[in-house]
Amino acid sequence: MTENPEIPIDHESPEIHEREHHIVSPRIYVIILLALLVGTAITVWASYVDLGEWHAAPGLVIFWNPILALAIACTKATLVVLFFMHVKYGTKLTKLTIGAGVFTFLILVGMTLADYFTRAWGRW
Amino acid sequence: MSDSQVQVLAETAEAHEHVHPPYQRHHFETYAQQNDATNFAMWLFLLTEIMFFGGLFTAYLIFRNWYYPAFVSGSHQLNIPLGGLNTLLLITSSFTMAMGVWCAELRKKGALVLCLTLTFVLGMGFLMVKTFEYKEKIEKHHVPGFHYSLQSFLAPETDEAAMAAHDKPLPVDMARHTEVYFSLYFAMTGMHALHMIIGVSILAFMIVRAQAGAYTTGHVTYVENFGLYWHFVDIVWIFLFPLLYLISRH
């Protein structure tokens, strides 16, 4: 037994349970729900507006509409991960795991897209 | 082994029985440790899911870049109000699921059953709307395969959705690539819907178990980890909705 016999841990008691396991209050869930709904409304509205494009270099055109849509989606996903999925209150192990996973994911997707999107550069 | 040692072992076993809640596996020192380990495993699983969906998203972005006019015309065939409704249903279901985890943590059995049931109903609502959308695609012959029809893209004046988006007729070789758009549409939304079907099935099972009081004993791991899965499915839709429905609309 590694637990200190002087302090018996009663897992049935809600106070102790709260100390070792953070419980997110429903108020935060309501705020996140509202933020997600507002984000959805903005992304639908913005999709009907032509935000134009930016000719960054010959052959490289940046369209703002998909970039804004993806930025809003990333923000919404971050809110879900941090609050609904409790990562903000999670262990360092969880945070590190997700961080490493997302980093690897971005490397894989980013490098693949960079390859495909730049193959034709300078060919016209 | 001496008698005193046996005595000590017996006492340790007794203390073990006494201190640990019945749902704690004996190889974990504390329930918190068990919960963290299970949580970690669930996240590893979700990361494999992120990689899986990431492959589909990457394929979508590459083909969209190659066959841009076809992907624009293809996406004009999707119904934004229905997609928006589905987004609302799914976001709300994520909220009710998060509330369900909270109820389980505070051991509110009735409220937990209510939250799980609401999540189930909203999930089924999503699938019903999706079925309706798929039905429309089947009727218009927009399902890739032998019966695929290019009419909406070669003659947009005959198609209500294409008319509404002021689509110009595509050349035949570009119009053919709308089939690639719909292949990816069905692969991505289909895989997402499959995750939803698995999710609502587990929810049905959980509602029955929750009514029997299974998750209000202080053992919240199952509800918590199912919540992670459900929120993950929500996140996938948060990206699917703008990419498939919205970004070619302006």
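Since the structure is predicted, the reported quantities are computational estimates derived from the model, not experimental observations.

As a further point, take the overall build of chain B. Secondary structure assignment for chain B yields 10 helices and zero strands. Each helix and strand of chain B, placed in order from N terminus to C terminus, yields the pattern α-α-α-α-α-α-α-α-α-α. Scaling as 2.2 N^0.38, a compact globule of 250 residues should have a C-alpha radius of gyration of about 18 Å, whereas chain B reaches 25 Å, well beyond that. Taken over the C-alpha atoms alone, chain B extends approximately 90 × 40 × 30 Å along its principal axes. Counting every position in chain B, which comprises 250 residues, the buried fraction comes to 39%. Within chain B, contacts between residues separated by at least 24 positions form 77% of all contacts whose residues are at least 6 apart in sequence.

Here we come to helix H5 (residues 109-139) of chain B. Since the α-helix packs 3.6 residues into each turn, any two residues three or four apart lie on the same face. All names here are of chain B. Along its 31 residues, H5 runs 45 Å from first to last C-alpha, staying within 8% of the 45 Å computed at 1.5 Å per residue. For H5, the full list of buried residues reads Leu112, Val113, Cys115, Leu116, Thr119, Phe120, Leu122, Gly123 and Phe126. Positive backbone phi, at 55°, marks His141, one or two positions downstream of H5.

All names here are of chain A. The buried count for strand S1 (residues 53-57) comes to zero of five residues, which makes it a mostly uncovered element. Of the pairings in the sheet, the one linking S1 to strand S2 (residues 60-63) comprises four bridges and is antiparallel in character. In the sheet register, Ala57 faces S2, and the bridge partner there is Leu60.

What follows covers the environment of Leu70(A). Note on placement: Leu70(A) falls in helix H3 (residues 64-84). A sequence separation of 17 residues divides Leu70(A) from Val87(A), and the C-alpha atoms of the two residues are 22 Å apart.

What follows covers the packing of helix H9 (residues 178-211) of chain B against helix H10 (residues 221-246) of chain B. Residues and elements named next belong to chain B. Closest axis-to-axis distance for the H9/H10 pair is 10 Å, and the angle between their directions is 155°. In terms of axis orientation, H9 runs roughly antiparallel to H10. Two packed elements cross with a definite hand, and for H9 against H10 that hand is left-handed. Across the interface between the two elements, Tyr185, Met188, Thr189, His192, His195, Met196, Gly199, Ile202 and Met206 from H9 touch Phe226, Tyr229, Trp230, Val233, Val236, Trp237, Leu240 and Leu244 from H10.

Another aspect to go through is the domain arrangement of chain A. Taken as a whole, chain A is organised into domain 1 (20-85) and domain 2 (90-119). Relative to domain 2 of chain A, the C-alpha centre of domain 1 of chain A lies at a distance of 18 Å.

Here we come to the confidence of the model for chain A. All names here are of chain A. When pLDDT is averaged across chain A, the result is 84; 81% of the residues are at 70 or more. Predicted confidence in chain A is weakest over helix H1 (residues 14-20), with a mean pLDDT of 46, and strongest over helix H2 (residues 26-47), with 96. Note on residues 11-19: pLDDT under 50 across the span, and 11 contacts to partners over four residues away in sequence or across chains.

Here we come to unusual backbone geometry. For His86(A), which is not glycine, the phi torsion reads 65° and is therefore positive. Residue position: His86(A) is located in the loop between H3 and helix H4 (92-118). Taking the C-beta count within 10 Å as the criterion, His86(A) has 21 such neighbours and is therefore assigned buried. Its identity is not glycine, yet Arg107(B) carries a phi of approximately 60°, on the positive side. Relative to the elements of secondary structure, Arg107(B) occurs in the loop between helix H4 (80-105) and H5. Looking at Arg107(B), the number of C-beta atoms within 10 Å reads 17, which means it is partly exposed.

Conventions used here
- Residues numbered from 1 in each chain as written.
- Chains lettered and ligands numbered in written order.
- Predicted model: local features only at pLDDT ≥ 70, side-chain atom pairs only at ≥ 80, totals over all residues.
- Helix = DSSP H or I, 4+ residues; strand = E, 2+ residues; numbered from the N terminus.
- Rg over C-alpha atoms; globule rule 2.2 N^0.38 Å.
- Buried ≥ 20, exposed ≤ 12 C-beta atoms within 10 Å, placed from the backbone.
- Contact = placed C-beta atoms within 7 Å.
- Expected span 1.5 Å × (residues − 1).
- Pairing = 2+ DSSP bridges.
- Axes fitted to C-alpha atoms, helices over the stretch in contact; angles between N-to-C directions.
- Parallel < 35°, antiparallel > 145°, perpendicular 65-115°, else oblique.
- Left-handed = near helix turned anticlockwise from the far one by under 90°.
- Domains from an automatic or database assignment.
- pLDDT = per-residue confidence, 0-100.

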